[in-house]
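Working through the structure, step by step
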Number of protein chains: 2
Amino acid sequence: MTQVDVRIFEVGPRDGLQNEAATIPTDTKLQFISLLAAAGLREIEATSFVSPAAIPQLADADELYPRLEPRPGVRYPALVPNRRGLERAIAAGVDAVCVFTAASETFTRHNIGMSIAESLEAFRPVVEHGREAGWWVRGYLSTAFGCPYEGPVTESAVVAVAEGLLALGVDEVSIGDTIGVAGPADVRRVVGALGAAGIGPDRLAMHFHDTRGTALANVTAALELGIGCFDSSTGGTGGCPYAPGAAGNLATEDLVYLLDREGLRHGADLDRILAAARFISEALGRPLASKVGQAGGWPS
Amino acid sequence: MTQVDVRIFEVGPRDGLQNEAATIPTDTKLQFISLLAAAGLREIEATSFVSPAAIPQLADADELYPRLEPRPGVRYPALVPNRRGLERAIAAGVDAVCVFTAASETFTRHNIGMSIAESLEAFRPVVEHGREAGWWVRGYLSTAFGCPYEGPVTESAVVAVAEGLLALGVDEVSIGDTIGVAGPADVRRVVGALGAAGIGPDRLAMHFHDTRGTALANVTAALELGIGCFDSSTGGTGGCPYAPGAAGNLATEDLVYLLDREGLRHGADLDRILAAARFISEALGRPLASKVGQAGGWPS
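Scope of this entry: the structure provided in the associated data block. (Residues numbered from 1 in each chain as written. Chains lettered and ligands numbered in written order. Predicted model: local features only at pLDDT ≥ 70, side-chain atom pairs only at ≥ 80, totals over all residues. Heavy atoms only, no water.)

Turning our attention to the relation of the copies chain A and chain B. Once chain A has been moved 0.0 Å along the axis and rotated by 180 degrees, it coincides with chain B to within an RMSD of 0.0 Å. Classification of the inter-copy transformation places it as that of a two-fold axis. Across chain A, the smallest distance between a C-alpha and the rotation axis is recorded for Ala-217 of chain A, namely 1.8 Å. When you check the interface residues of chain A against chain B, 100% turn up at the interface there too, and the contact is symmetric in its surfaces. (Least-squares fit on C-alpha atoms with pLDDT ≥ 70 in both. Contact = heavy atoms within 4.5 Å.)

Here it is as structure tokens:
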């Protein structure tokens with residue numbers, strides 16, 4: 001893999017598309033993922049082996065995954081929620097998986113119908129198999145900065161769940177601002193608490209939402225704390241389920257623009273990312289809403 | 001004036017409205033300014049004594065300015081481009097003025113039909129009268145991070161024009177990212193060069209555009225450099241004349257949200273700012289496009 005200063009973890013094909021009303025044909029998804037890889041992205045979360053009834057947008061995971069084009073240095077993680085999903089993932093040939101829980105009990109109940117502790121137990125066979133099989137394994141820790149049901153979330157709750165995920169054996173924990181409320185001081189507070197508990201920035205990724213315009217400010221603060229991996233969604237797909245019409249995932253093109261201005265190497269090409277962003281926006285039948293999608297790069 | 005950590009310099013009624021296609025009635029502008037003051041904003045750029053033919057949106061400056069409601073601790077600066085504008089400003093009763101030039105020769109030619117040196121000479125009587133009369137005087141230094149005609153702008157060009165403005169006698173220089181291209185590293189570079197030339201953060205304000213989503217990241221970097229004044233436009237009015245459909249001025253509600261999360265005192269109330277933002281968006285006949293305008297504050 002080419003040397004990079006910052007890893008970009010692309011979540012558009014999974015996290016982005018699962019929150020869109022439209023269901024995209026499998027061939028279109030594969031073309032999107034191919035454009036993302038061609039743009040230089042090296043970690044592309046491709047799909048989720050969750051129940052097709054729960055998330056019909058990703059019901060084609062079993063068909064899509066084996067058709068992903070193998071590329072040197074490119075990883076295609078898939079979300080795997082439980083043992084049933086693990087069986088499907090093995091059959092599909094995955095070698096990188098993600099599990100998903102949260103810092104808020106109420107959110108976890110609403111989102112996956114389990115307590116946080118139960119979710120960690122559900123992940124145990126997934127992570128154990130992954131470690132034995134030599135897979136790369138990531139844990140998502142959402143609502144780390146605020147919960148749509150409970151409001152503010154304490155950093156000690158975040159630390160406890162991060163410790164639980166790492167104890168299971170995940171390689172990395174992605175700390176999510178699921179409803180897009182964090183500011184830089186919150187990032188310093190939460191990452192600081194994790195560091196004080198012995199969980200350094202090398203074990204962390206940050207997953208910011210741009211719902212209140214703070215995503216790149218939070219990236220800026222996180223870079224100063226030594227964080228080296230950021231999640232983003234090309235085209236800014238996904239929206240915010242808790243604030244209709246508002247933005248959700250940080251757009252990859254906005255992240256890339258900032259990293260380019262900072263002079264940080266990441267391996268992606270802004271113009272090609274924008275091409276992929278336009279492609280998926282057209283497929284979804286809506287205008288490209290990201291800032292750099294509207295304004296273009298610079299110098300042009 | 002109540003103690004604040006950060007000054008918010010509201011530019012909506014002048015910089016925002018002058019770049020909108022719609023012309024707003026004087027009574028509506030006065031109601032907007034009254035809402036802004038009621039929201040706790042203490043520096044509200046009210047209008048411009050520029051040629052009515054050049055900017056018809058602000059042709060009512062002579063009528064509007066004397067009707068502004070005096071409020072303790074609230075300043076209503078007005079833009080004054082030259083001696084003719086100065087006469088009108090004196091007649092209208094102003095006590096705080098702004099002059100406007102740029103770091104790019106081509107931009108200055110296109111924007112105000114003068115060279116940078118000629119623009120400074122045109123400001124001389126304005127600033128000299130202002131100092132004698134005890135007015136507060138600000139100089140805008142636009143295209144400090146990039147020019148729509150010339151491309152990249154050097155920090156030495158910014159330093160030279162800032163020195164020219166301060167030599168005239170302005171109290172403060174507002175450093176503008178007119179086309180919204182800067183990232184945090186650019187902010188550190190330009191503010192650093194100004195500091196090395198003896199122009200410290202106490203003489204500076206930052207005027208960021210959110211065209212590429214970096215405005216709050218740049219605020220975050222500028223706060224760390226000791227900058228204590230930021231320009232913004234309630235409702236994010238103005239747009240970007242160089243990228244149709246893209247954002248221009250940082251929205252005051254987005255700035256206030258960030259400052260609130262940072263725990264910094266500024267005197268403004270987010271809910272009341274949002275009320276003013278909705279008011280002016282309705283008057284302009286378009287949806288409120290700012291991030292916090294779409295998503296709301298937090299906790300709600």
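Read on, since the account is not over.
Ranked by internal contacts, the top residues of the largest apolar core, which has 179 residues, are Ile-175 of chain A together with Ile-175 of chain B. When residues no more than four places from it in sequence are discounted, the contact partners of Ile-175 of chain B are Leu-141, Ala-144, Phe-145, Val-158, Val-190, Leu-194, Leu-204, Ala-205, Met-206 and His-207 of chain B. (Core = buried A, V, L, I, M, F, W, Y, C linked by side-chain atoms within 4.5 Å. Buried < 20%, exposed > 50% of the residue type's maximum accessible area, 1.4 Å probe, protein only.)

Residue and element names in this part refer to chain B. The strand order β2-β1-β9-β8-β7-β6-β5-β4-β3 describes an open sheet built from 9 strands, whose pairing is parallel. Strands with a single pairing partner mark the edges of an open sheet, and in this sheet they are β2 (43–44) and β3 (47–48). Sheet topology note: the strand β1 (residues 7–10)/strand β9 (residues 229–232) ladder contains 4 bridges and is parallel. Residue Ile-8 lies in a different strand from β9, and its bridge partner there is Phe-230. Contacts from helix α5 (residues 105–112) reach β5 (96–102) and β6 (136–142) within the one sheet, and its direction differs from that of β5 by about 125 degrees. Where helix α10 (residues 252–262) meets the sheet, its contacts fall on β1 and β9, and the angle it forms with β1 comes to roughly 175 degrees. (Pairing = 2+ DSSP bridges. Helix = DSSP H or I, 4+ residues; strand = E, 2+ residues; numbered from the N terminus. Axes fitted to C-alpha atoms, helices over the stretch in contact; angles between N-to-C directions.)

Residue and element names in this part refer to chain B. Following both chains from N to C, one finds helix α6 (residues 116–133) and helix α7 (residues 155–168) inclined at 30 degrees, their axes separated by 9 Å at the closest point. As far as their axial angle goes, α7 and α6 are roughly parallel. Handedness of the α6/α7 crossing: right-handed. For the pair formed by α6 and α7, the contact residues are Ile-116, Leu-120, Phe-123, Arg-124, Val-127 and Arg-131 on the first element and Val-161, Gly-164, Leu-165 and Leu-168 on the second. Grouping the constituent residues of the contact of α6 with α7 by class yields 7 nonpolar, 1 polar and 2 charged. (Parallel < 35°, antiparallel > 145°, perpendicular 65-115°, else oblique. Left-handed = near helix turned anticlockwise from the far one by under 90°. Nonpolar A, V, L, I, M, F, W, Y, C, P; charged D, E, K, R; others polar.)

Residues and elements named next belong to chain B. For β6, the buried fraction is high: 7 of the 7 residues fall into the buried class. Neither face of β6 is open: one carries Trp-136, Arg-138, Tyr-140 and Ser-142, the other Val-137, Gly-139 and Leu-141, and all of them are buried. The pairing of β5 with β6 spans 7 bridges and is parallel. Bridge assignment links Val-97 to a residue of β6, and that residue is Val-137.

Listed as interface residues are 35 residues of chain A and, on the opposing side, 36 residues of chain B. Taken together, the two surfaces of chain A and chain B that pack against each other cover about 2,900 Å², and 57% of this comes from carbon and sulfur. When the buried surface of chain A facing chain B is broken down by residue, Arg-212, Lys-291 and Trp-298 of chain A rank first, second and third, together holding 24% of it. Taken together, chain A and chain B are joined by 8 salt bridges. (Buried area = accessible area lost by both parts, 1.4 Å probe. Salt bridge = Lys/Arg side-chain N within 4 Å of Asp/Glu carboxyl O.)

Tallied over the full model, the rule gives 14 aromatic pairs over all chains. When the centroid spacing of 5.7 Å and the interplanar angle of 45 degrees are considered together, the rings of Phe-100 of chain B and Tyr-140 of chain B count as tilted. Here Phe-100 of chain B is found in strand β5, whereas its partner Tyr-140 of chain B is found in strand β6, with 40 residues between them in sequence. Judged by its relative accessible area of 2%, Tyr-140 of chain B falls in the buried class. Here the aromatic residues Phe-107, Tyr-149 and Tyr-242 of chain A are joined through ring pairs into a cluster of three or more. The ring of Phe-9 of chain A has Arg-138 of chain A lying over it, and the distance from NZ or CZ to the ring centre is 3.6 Å. (Phe/Tyr/Trp six-rings, centres within 6.5 Å; stacked < 30°, edge-to-face > 60°. Lys NZ or Arg CZ within 6 Å of the ring centre and 35° of its normal.)

Let's shift gears to the sheet that holds strand β1 (residues 7–10) of chain A. The 9 strands are arranged β2-β1-β9-β8-β7-β6-β5-β4-β3 (chain A) in an open sheet whose pairing can be described as parallel. Either end of the sheet is taken by a strand with one partner, and the two such strands are β2 (43–44) and β3 (47–48) of chain A.

The next thing to look at is α6 of chain B. All names here are of chain B. The first and last C-alpha atoms of α6 sit 25 Å apart over 18 residues, in line with the 26 Å expected at 1.5 Å per residue. Remark: the principal bend of α6, roughly 35 degrees, maps to Phe-123, with a proline, Pro-125, within the next four residues. Burial in α6 covers these residues: Ile-116, Ser-119, Leu-120, Ala-122, Phe-123, Pro-125, Val-126, Val-127 and Gly-130. Among the residues trailing α6, Gly-134 stands out with phi positive, at a value near 80 degrees. (Expected span 1.5 Å × (residues − 1). Bend = angle between axes of the 7 residues up to and from the residue.)

Moving on: the side chain of Asn-249 of chain B. All names here are of chain B. As for its placement among the helices and strands, Asn-249 is situated in the loop between β9 and α10. Given the relative accessible area of 5%, Asn-249 is considered buried. Here the side chain of Asn-249 touches Thr-237 through a polar contact of 3.4 Å, landing on its backbone oxygen. Not counting the four nearest positions on each side in its chain, Asn-249 is found in contact with Val-11, Asp-15, Gly-16, His-207, Phe-208, His-209, Asp-210, Ser-233, Gly-236, Thr-237 and Gly-239. (Polar contact = N/O pair within 3.5 Å; in protein donor to acceptor, adjacent residues only side chain to side chain.)

That's the geometry; what it means functionally is another story.
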